Amino acid sequence: TEIYTLSLHDALPIYGTIRRLRDLDAITIAAVHGHCLGGGMELAMACDLVIASDDARFAQPEIELGCFPPVASALLPSRVGAGLTLDLALTGRTLTAEEAERLGLVTRRVLVGGLDHGVHEIAERIVSRSAPVVRLTKKAVRAGRDLPFLEALAETERIYKEELLPLEDVAEGAAAFLEKRRPEWKHG
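Residues numbered from 1 in each chain as written. Predicted model: local features only at pLDDT ≥ 70, side-chain atom pairs only at ≥ 80, totals over all residues. Heavy atoms only, no water.

Caption draft 1: Quick look at the sheet that holds strand E6 (residues 95-96). Strands sit in the order E3-E5-E6 across an open sheet of three strands; the sheet is mixed. Bordering the open sheet on either side are strand E3 (35-37) and E6, each of which pairs with just one other strand. The pairing of strand E5 (residues 57-59) with E6 spans two bridges and is classified as antiparallel. Pairing of arginine 57 across the sheet is with threonine 96, part of E6. The strands that helix H2 (residues 39-46) touches are E3 and E5; relative to E3, the one it contacts most, it runs at about 90°. (Pairing = 2+ DSSP bridges. Helix = DSSP H or I, 4+ residues; strand = E, 2+ residues; numbered from the N terminus. Contact = heavy atoms within 4.5 Å. Axes fitted to C-alpha atoms, helices over the stretch in contact; angles between N-to-C directions.)

Shown next as structure tokens:
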């Protein structure tokens, strides 16, 4: 399983980076502490998982500069609704890590100083799973994110039946569960 952890200071030009992040088959994790504003917030929201320390603050302050956040305008409505997206874009208000977590913008919140450990912990759990199943899970969730419900449901059912069920790891996972042992994944 591939996992990319992104430091928000490393990615420019931002729009090409965001497009590539959303297209990756690998799981992407944004690790956020301190201020995550404007393009930094857009970049974090493009990742699959957002781990934030309690000191993280999120905002789209572009309105104060006489513009709006284009990527946030495209990403956030499906995550938090049009109303909250407009609230954030039109007011530029800042969210605490706790508020962002409650709204679904942050996957997990960790104590200040615990960000590296928190990111490592979730990455290790994901890496310990069947790599093909992790990739198919992301593919199914991407369908749910990008397609209207009925199309997404049809696509996730197709992925499940045609791509997941034929994997040896599905039988291994069930056998390991019944035998009360750790699975030994066949695929890398």
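Caption draft 2: The arrangement of the layout of surface pockets in detail. The computed volume of the largest pocket comes to approximately 740 Å³. Forming the boundary of the largest pocket are 30 residues, of which Cys47, Asp48, Lys138, Val141 and Arg145 lie nearest the centre. For the lining of the largest pocket, the elements supplying multiple residues, two or more each, are helix H1 (14-23), H2, helix H3 (70-91), helix H5 (115-127), helix H6 (131-146) and helix H8 (168-178). Element by element, the count of residues in the lining of the largest pocket is highest for H6, at eight residues. (1 Å grid on protein atoms, 1.4 Å probe; cavity = no way out; pocket = protein on both sides within 12 Å on 5 of 7 lines; lining within 4 Å. Points joined across faces, edges and corners; volume = space filled by probe spheres on them.)

Caption draft 3: Quick look at the environment of leucine 147. Note on placement: leucine 147 falls in the loop between H6 and helix H7 (149-164). Taking the relative accessible area as the measure of exposure, leucine 147 reaches 32% and is therefore partly exposed. The contact partners of leucine 147, leaving out residues within four places of it in the chain, are Ala152 and Glu155. (Buried < 20%, exposed > 50% of the residue type's maximum accessible area, 1.4 Å probe, protein only.)

Caption draft 4: Focus on the pattern of salt bridges. For the structure shown, the criterion picks out 14 salt bridges. Between aspartate 146 and arginine 22 there is a salt bridge; the shortest N-O distance is 3.5 Å. In this pair, aspartate 146 sits in helix H6 while arginine 22 sits in helix H1, placing the two residues 124 residues apart along the sequence. Among the residues examined, aspartate 146 registers a relative accessible area of 43% and is labelled partly exposed. Lysine 139 is the partner of glutamate 163 in a salt bridge, and the nearest nitrogen-oxygen pair spans 3.0 Å. Here lysine 139 lies in helix H6 and glutamate 163 lies in helix H7, a separation of 24 residues in the sequence. (Salt bridge = Lys/Arg side-chain N within 4 Å of Asp/Glu carboxyl O.)

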